[in-house]
Amino acid sequence: SGESGWGMSIAKNDDRLFATLFAYDTNGRPQWLLLQDAKWDAVHEVYHGNLYRPTSAPYGNYDSARFSMGEAVGTGSLSFLGKDDGHFDYTIDGYSGGKTLERYMFAPHGDVRAPRAGMWWGGSGQDGWGVSIQEQGDVMFATWYSYGSDGNVTWLYMPAGRKTGASTYAGPVYRTSGVAWVGTRFDGSKTRASAVGSMELTFKDADHAIMTTVVDGISFSQSLQRFPF
């Protein structure tokens, strides 16, 4: 709770992990970094790989032809102490550090598997952005990682999507600002969240959905499918 405002989405597919760090640049603007080229160590305790900060077209007018993963900006490694606790070590832009992680509990939930949780994207024609979806009980937490008007990474999130139909969740969308995450001690008290629109997720089945958003007055609708990493 002392570091509220940043987090990491971790999805699992067989033996592979898809990890996205949601944090802030040196000016406190939201940015995300992707753990790629990753693999387990010899004793299957540490998952490690390169970190990337891509660029692409703005989310309101996306063009996958402008997507570029770019050069690696550092490295990251994940280790887990239990099902709800772990550690993230990193070197980013020449700065090294580490963070203790714990599963974020945002709503009451039982032991039933969340059927829609995981990484989603717009398909190969929309390569470069996606949505991390988590479910706890009847509440959905969605983080949309995409790009701003300058083509640099940015992210938005729906922290409390509620059921509005049998297979539809909706709620307000927020953009946060904070303080630099790399190279200094993060101060969660400086995090500021601003409501910038709304999101609706309608699931057609376990692997297909429609995302409809209004952000900064711009409407956006896109078919989603589960990301097969």
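Here, every reference points to the structure presented above.
A quick note: this is a predicted structure, and the numbers were derived from the prediction, not measured.

## Remarks on the sheet that holds strand S6 (residues 85-92)
Sheets are built from strands that pair by backbone hydrogen bonding, the pairs being arranged parallel or antiparallel.
Thinking step 1. Read across the sheet, 7 strands follow the order S1-S2-S3-S4-S5-S6-S7 without closing on themselves; strand pairing throughout is antiparallel. Because the sheet does not close on itself, it has two edges, and the strands there are strand S1 (7-13) and strand S7 (95-102). Averaged over all pairs of adjacent strands, the angle between their axes in this sheet comes to 25°, without regard to strand direction.
Thinking step 2. Of the strand pairs in this sheet, S6 and S7 are connected by 8 bridges, and their pairing is antiparallel. From the neighbouring strand, Asp85 faces S7, where its bridge partner is Glu102.

## A look at the environment of Ala209
Thinking step 1. With respect to the secondary-structure elements, Ala209 resides in strand S14 (residues 208-215).
Thinking step 2. Distance from Ala209 to Gly161, taken between C-alpha atoms, is 15 Å for residues 48 residues apart in sequence.
Thinking step 3. Beyond its immediate stretch of four places on either side in the chain, Ala209 contacts Trp120, Thr202, Phe203, Lys204, Gln222, Ser223 and Leu224.

## What about the nonpolar core?
Thinking step 1. Grouped together as the largest cluster of nonpolar side chains are 59 residues, with contacts concentrated most on Trp129, Trp144, Trp181, Leu201 and Met211.
Thinking step 2. Discounting residues that sit within four places of it in the chain, Met211 has contacts with Trp129, Val131, Trp144, Met199, Glu200, Leu201, Phe220, Ser221, Gln222 and Leu224.

## Regarding the pairing of strand S5 (residues 74-82)
Thinking step 1. Pairing of strand S4 (residues 46-52) with S5 involves 6 bridges; the strand directions are antiparallel. For Leu51, the partnering residue across the bridge sits in S5 and is Gly74.
Thinking step 2. With 8 bridges joining them, S5 and S6 adopt antiparallel strand pairing. Following the sheet pairing, Gly76 is matched in S6 by Tyr90.
Thinking step 3. The hairpin turn running from S5 into S6, its antiparallel successor, is 2 residues long.

## Here's the deal with the sheet that holds S14
Thinking step 1. Here we have 8 strands rolled up into a closed barrel, ordered S8-S9-S10-S11-S12-S13-S14-S15, and antiparallel in their pairing. Taking the axes of each pair of neighbouring strands and ignoring which way they run, one obtains an average angle of 30° across the sheet.
Thinking step 2. Here strand S12 (residues 168-177) pairs with strand S13 (residues 192-205) via 10 bridges, running antiparallel. Residue pairing for S13: Thr168 is matched across the bridge by Thr202.

Analysis parameters
Each chain carries its own residue numbering, running from 1 in the written order of its sequence. In keeping with the predicted nature of the model, local features appear solely for residues at pLDDT of at least 70, side-chain atom pairs appear and are counted solely at 80 or more, and the whole-chain, interface and lining totals rest on all residues. Note that water and hydrogens are dropped before the side-chain values are worked out from all heavy atoms of the structure. Following DSSP output, two strands are said to pair if at least two bridges run between them. Secondary structure elements are defined from DSSP: runs of H or I of at least 4 residues count as helices, runs of E of at least 2 residues count as strands, and each element is numbered from the N terminus. Here an angle of 0 to 180 degrees is reported between the N-to-C directions of two axes, which are lines fitted to C-alpha atoms, with helices fitted over the stretch in contact. By the convention used here, residues are in contact when the closest approach between their heavy atoms is within 4.5 Å. We define the nonpolar core as a collection of buried residues of types Ala, Val, Leu, Ile, Met, Phe, Trp, Tyr and Cys that are connected through side-chain atoms lying within 4.5 Å of one another. Three exposure classes are used, based on accessible area relative to the maximum for each residue type with a 1.4 Å probe and protein chains only: buried under 20%, partly exposed in between, and exposed over 50%.

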